[in-house]
Number of protein chains: 2
Amino acid sequence: MLKIALGQMEVIPGHPDKNMEKILSMTEDARSQQADIVIFPEMAIPGYFLGDTWEQPAFLQDCEECGQKVIEASQGIIIMFGNIAVDWKKKNNDGRVRKYNAFFTAKNGKLIYPDSMPYPFVIKTLMPNYREFDDTRHFFSLQKLSRELGTTPDQLISPVTLKIKDRRYRVGCLLCEDGWGDDYELTPLGILKHQRSIDFFVNISSSPYTLGKNDKRHRVFGAQAKDTHASLFYINNVGLQNNGKTIYTFDGLSTVYNTEGQVAACCQEYKEELAVVDLEHLGELPPVTFPDEPPIAHIYHALAYGIHHFLENIHMKKVVIGISGGIDSAVAAALYNRVIGPENLLLVNMPSVYNSETTKGLSQKLAENLGCHYAIIPIQESVEHTIRQLESTPIEFLREHTESHLEVSSFVAENIQARDRSARILAGAAAAFGGGFTCNANKAETTVGYSTLYGDQSGFLAALADLWKYQVYELAHYLNDAVYQREVIPQGIIDIVPSAELSENQNVDEGKGDPIKYPYHDHLFRSFVERWQKATPQDILSWYSEGVLEEKIGCEPGLAGKYFPTPADFIADLERWWNLFTGMAIAKRIQAPPILAVSRRAFGFDHREAQNGPYYTRRYKELKEKLLK
Amino acid sequence: MLKIALGQMEVIPGHPDKNMEKILSMTEDARSQQADIVIFPEMAIPGYFLGDTWEQPAFLQDCEECGQKVIEASQGIIIMFGNIAVDWKKKNNDGRVRKYNAFFTAKNGKLIYPDSMPYPFVIKTLMPNYREFDDTRHFFSLQKLSRELGTTPDQLISPVTLKIKDRRYRVGCLLCEDGWGDDYELTPLGILKHQRSIDFFVNISSSPYTLGKNDKRHRVFGAQAKDTHASLFYINNVGLQNNGKTIYTFDGLSTVYNTEGQVAACCQEYKEELAVVDLEHLGELPPVTFPDEPPIAHIYHALAYGIHHFLENIHMKKVVIGISGGIDSAVAAALYNRVIGPENLLLVNMPSVYNSETTKGLSQKLAENLGCHYAIIPIQESVEHTIRQLESTPIEFLREHTESHLEVSSFVAENIQARDRSARILAGAAAAFGGGFTCNANKAETTVGYSTLYGDQSGFLAALADLWKYQVYELAHYLNDAVYQREVIPQGIIDIVPSAELSENQNVDEGKGDPIKYPYHDHLFRSFVERWQKATPQDILSWYSEGVLEEKIGCEPGLAGKYFPTPADFIADLERWWNLFTGMAIAKRIQAPPILAVSRRAFGFDHREAQNGPYYTRRYKELKEKLLK
């Protein structure tokens, strides 16, 4: 009997003291359950997403000292855990002190050396350096170390041998990406497998949630366990970590894969949990099956958990949401209401002359359904004052001793309205209410910057900005049907045409609204952002000319032809949005609030960008010319 | 005679078509001057800072095609240039197509293979992955390639042999960081040096300006030339490139180092230039000496060039600046006035009841000195309307059927004033004036978030946000003395106490002002941000207790004792700012405008950070306890 405890802890990034305490208390718990081994996630002490905090020697020293406390606590139990390992005598390529993303194994107060390693820890070999990951910026890889030592990774990668109750277990220790390395020059798992027999594998991870990731993991890790005839223990943390602009939930779901590749045990989603299993009897456990939930259910869990923890992290209890009677703000309201309760939520409707009775009524209805705080604060008087003040103030040109006046166009007036709502009313109301106000932008709007800076683009968090519009609608249904199990978001809000209601041209009662045609543009924009090989107008136009566009971008067949009768219309639309996506929208995203990530490509640190202006390739221009002939 | 032309071009990031045209026209120019070789910078075709544009296959293909045009243009002249090289049959570690940061040499329409390379180009070996650099995210290094090929970098790194007029020249080709690799496992220059005799070195770079970098480069590269007995040609681009949040100027200053390590020739700063030199007669050129300018002169050049180009890039001609009568906005006004001219500049003074006659008068005087457009747009009426509206609107709690009212505290009212100025007046005035408005925050304010979000924190560009307050003062003097050569910034603005004038507590006429004591805090904050090994409260407190604080952080001796009579005062101050720097200020920086970088550590992409809240190490707490006993 070998009892192994999976320590699915919440890791609090940047707070080694708290993480150490958590490890110590969960170790006590594991000991009281007679566990032989307790395993904690990758970077369980420092946390994983810390920006450049890794450049503070005092922080590194603190992590080492906290790690030492954990090592000392390993009396009578083996503790496996992730931490930063520092070699103060060596340097990283940037001239700073040498740092490894390391996997420690402690027993009776001492560290156990892997069989062929010069350090008493396993070093992460494969370093993710894509999406939100910056491992290579801070951590020295095993490949570099092997070059420095004049050897090869194959000679260093080796199991950790544990002696427990007179038996020896050879453990294959991996850190997160080490188990995912399809496209690297080497695979640690392959090396371990080919070396000598491994009794079981342990993959300690700090793996952020993204939609669909877990299904893939079960396939990949299950196959590894089956292929190597060794059980695999995957230990992931829960919690919330961020890179500034982009915020990630960590869903836990630590899993034991048996030698058949089945899920023998699995911790809960987004919950701290110590799960104890017996290695020798894993085959006797009935394989775990997962409830067949739709993707939007997972998105809801991620958003609710993310909002809850983000508010907790920034010590914010109360939230103000500007509601327009449209779908985005309504979904935000229903979501926050669930997380913080109606007593902490203030919805504010801010009508101007352009807001219809329809949307004003729907706003009121939504607030009543939620039972939260509600206020109507009109903007008309203030907006008129601003326009009057701007137009009536003399502008002196001092060099020439002449005078002029500014003129406020209707477009400028639209943005004045949006800023009046957010920067004047919501920001003031939120401060007075004792909280923050939200940004309700969705991902389609965020892609093309369909928003006003310091207006609806602002807020303390953009919780829906990684959801396409169709996902916002799905979430509305899910909130009504599954979460509240009653119609909190009025059907009228789901049915109404999306509109900013900033001018007569956006009159919802006349069916007028946003220029974004979501059933098509959601998918077009997604191809710009989320495809692993990103699409550009060149790709879009060649798919269009080959008649495979809808299939390629994943929207309803025939939609392009329906919206754009001629190639000229199609091209004008394509260029309009590409110009915005790679132009003004970047300027807006630079100043946008943090985004809660759920997709496989969220804006912010996950999708790095430069304000370089739109570009069209030579092939695009040729194709365009041909189509317009 | 071997005539070599240094093609110090402006590289426009993300616009291969324009860069190709520039290379072709400068090549024509070089040919007409009978040059044998013309050399262009690293990544001369795509540009260097492109965010994740590298993930667009169509863009990569376009760069390849533009490169092909350059290769075809090499009839009768050798063209050396940087471009992205794509191996469409192989993959990067992220599963995307294989990309190299490459150095091409073309002659008579064909590429020349380096002596021992499987590709017809040199591959960048050392990949910077610190500060603003993300090379490893996108480019496959020579080390990885050598591992893949089962060989070593030493076997691949080799000179490019050129046959010119019946002579053979062995050229050591380097890409930027390849010449800087103190802390890497290998140095390409060392390998080339030890291999076989090199006739001359070429280092093509895309090297952003930072204060002090050029002095260091002359030392390092001069020593390389002397040490290897080979001249070294350093070709850098000019222009502006950005990573979204952080904007870099590229100062050119392409340099020829002779075999004595002296500067034999040097292109101008921030100017496109084709400089032709004769390799065989470099020793006869008198060594170049550089004018002994103070650091602030270099900073001024970088800022003026950066602002000019940034405005050009975003197609903005006119600028609005809110001026308070304080130093930051005055320096911004004088700076922009110089770049865009008084006819394109509108200064707006926005007094409330808290603004003194002193600062109002100084604002007027500044505008008169500049001769630009000027307007006074008071905020009092609007601010009072906002406070009244927020306080008088009933807030219904719908679940309980109760009603309440918001209360606006004096702190909340301060922020309402700041937002009224920026988001209401400046944003509206800028749009009506046909331009943008500036953020005038300095680096000390930016460090601790001493600003209001959607208020003075906002704007299209934060041109001074990488300057400490003392540098803002230096720049004020430089503008008056050297740039305008008259007192455009009134002495009163230089002399007045820095103050936000948002309440009675900030009355400048009573000498009250900001809580930041710049002569000390400038340096304290710099130790948090700019030290290569970042300082934290643990370091600060131990230096304080050892009596070496001022020396360590570089401020005037005795200053800490002057401001903080007791350890308790000192610690309270330290924790106040550390809490802000690692707390609220991060939230503000996430939504801050782009910053023009001049220092060796600018906020934004150069200084990555996560919203994780303040942290104090165990050793800090022990030290604090000891000091407070």
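Residues numbered from 1 in each chain as written. Chains lettered and ligands numbered in written order. Predicted model: local features only at pLDDT ≥ 70, side-chain atom pairs only at ≥ 80, totals over all residues.

J.: Got a minute to help me understand unusual backbone geometry in this structure?
T.: Across residues other than glycine, the phi torsion is negative in most instances, and most of the peptide bonds are trans. Residues and elements named next belong to chain A. Its identity as a non-glycine residue notwithstanding, Arg131 has a phi of 45 degrees, on the positive side. Assignment of secondary structure puts Arg131 in the loop between strand E6 (122-123) and helix H3 (135-138). Positive phi, normally seen in glycine, also occurs at His315, with a value near 55 degrees. Relative to the helices and strands, His315 is located in the loop between helix H8 (295-313) and strand E16 (318-322). (Helix = DSSP H or I, 4+ residues; strand = E, 2+ residues; numbered from the N terminus.)

J.: Help me out: how do you make sense of the sheet that holds strand E22 (residues 595-596) of chain B in this one?
T.: Strand pairing in a sheet relies on backbone hydrogen bonds, with the paired strands running either antiparallel or parallel. Residues and elements named next belong to chain B. The sheet built from three strands is open, its strands ordered E11-E12-E22 with mixed pairing. Two strands in the sheet have a free side with no partner beyond their single neighbour: strand E11 (238-242) and E22. As paired strands, strand E12 (residues 246-251) and E22 are joined by two bridges and run parallel to one another. Paired with Thr246 across the strands is Ile595, a residue of E22. (Pairing = 2+ DSSP bridges.)

J.: Please clarify how the interface of chain A and chain B should be interpreted in this entry.
T.: How big an interface is tends to be stated in terms of the accessible area lost upon association of its parts. Each side of the interface is counted separately: chain A has 99 residues, and chain B has 99 residues. With 13 residues, the single largest contributor to the side of chain A that touches chain B is helix H12 (residues 410-433) of chain A. Considered class by class, the residues forming the side of chain A that touches chain B number 39 nonpolar, 31 polar and 29 charged. Here strand E18 (residues 373-376) of chain A pairs with strand E19 (residues 395-397) of chain B via two bridges, running antiparallel. Looking across to E19(B), one finds that A:Tyr374 is bridged to B:Glu396. (Contact = placed C-beta atoms within 7 Å. Nonpolar A, V, L, I, M, F, W, Y, C, P; charged D, E, K, R; others polar.)

J.: Help me understand the domain arrangement of chain A in this model?
T.: Residue and element names in this part refer to chain A. Taken as a whole, chain A is organised into domain 1 (3-286), domain 2 (295-506) and domain 3 (517-629). In this structure, domain 1 and domain 2 have C-alpha centres spaced 42 Å apart. Elements with a minimum of two residues in the side of domain 1 that touches domain 2: strand E11 (238-242) and strand E12 (246-251). Tallied by class, the residues present in the side of domain 1 that touches domain 2 amount to five nonpolar, two polar and one charged. (Domains from an automatic or database assignment.)

J.: In this structure, what is going on with helix H17 (residues 537-546) of chain B? I would like to understand it.
T.: Since one α-helical turn is 3.6 residues long, residues separated by three or four positions face the same way. Those residues of H17(B) that sit buried are B:Pro537, B:Gln538, B:Asp539, B:Ile540, B:Leu541 and B:Tyr544. Looking at the packing, one finds that the buried side of H17(B) touches helix H2 (57-72) of chain A together with helix H16 (518-529), helix H18 (549-553), helix H19 (559-563), helix H20 (567-581) and helix H22 (618-628) of chain B. (Buried ≥ 20, exposed ≤ 12 C-beta atoms within 10 Å, placed from the backbone.)

J.: Mind showing me how you'd approach the pairing of strand E8 (residues 167-175) of chain B here?
T.: When a strand is regular, its side chains alternate between the sheet's two faces. Residue and element names in this part refer to chain B. One ladder, built from five bridges, connects strand E7 (residues 160-164) with E8; its direction is antiparallel. Looking across to E8, one finds that Lys163 is bridged to Arg168. Linking E7 back to E8 in an antiparallel pair, the connection comprises two residues, with Lys165 at a positive phi of about 45 degrees. Of the pairings in the sheet, the one linking E8 to strand E9 (residues 200-204) comprises five bridges and is parallel in character. Residue pairing across strands places Leu174 opposite Asn203, the latter belonging to E9.

J.: What's the story with H22(B) in this structure? I'm lost.
T.: Residues and elements named next belong to chain B. Every buried residue of H22 is accounted for by Tyr620, Leu623 and Lys624. Seen along its axis, H22 keeps its buried residues to an arc of 100 degrees; they face one direction. Set apart from the buried face of H22 by more than 90 degrees, the exposed residues are Glu622, Glu625 and Lys626. Contact partners of the buried residues in H22: H17 and H20. (Arc of directions from axis to C-beta.)

J.: Sorry if this is basic, but what is going on with the relation of the copies chain A and chain B here?
T.: Copy one and copy two of the chain differ by a rotation about a common axis and a shift along it. Expressed as a screw operation, the relation of chain A to chain B combines 0.0 Å of axial shift with a rotation of 180 degrees, fitting to an RMSD of 0.0 Å. Taken together, these values place the two copies in the relation of a two-fold axis. Of the C-alpha atoms belonging to chain A, the one lying closest to the rotation axis is found on A:Gln591, 2.0 Å away. Here 100% of the interface residues in chain A have copies in chain B that are interface residues too; the copies meet face to matching face. (Least-squares fit on C-alpha atoms with pLDDT ≥ 70 in both.)

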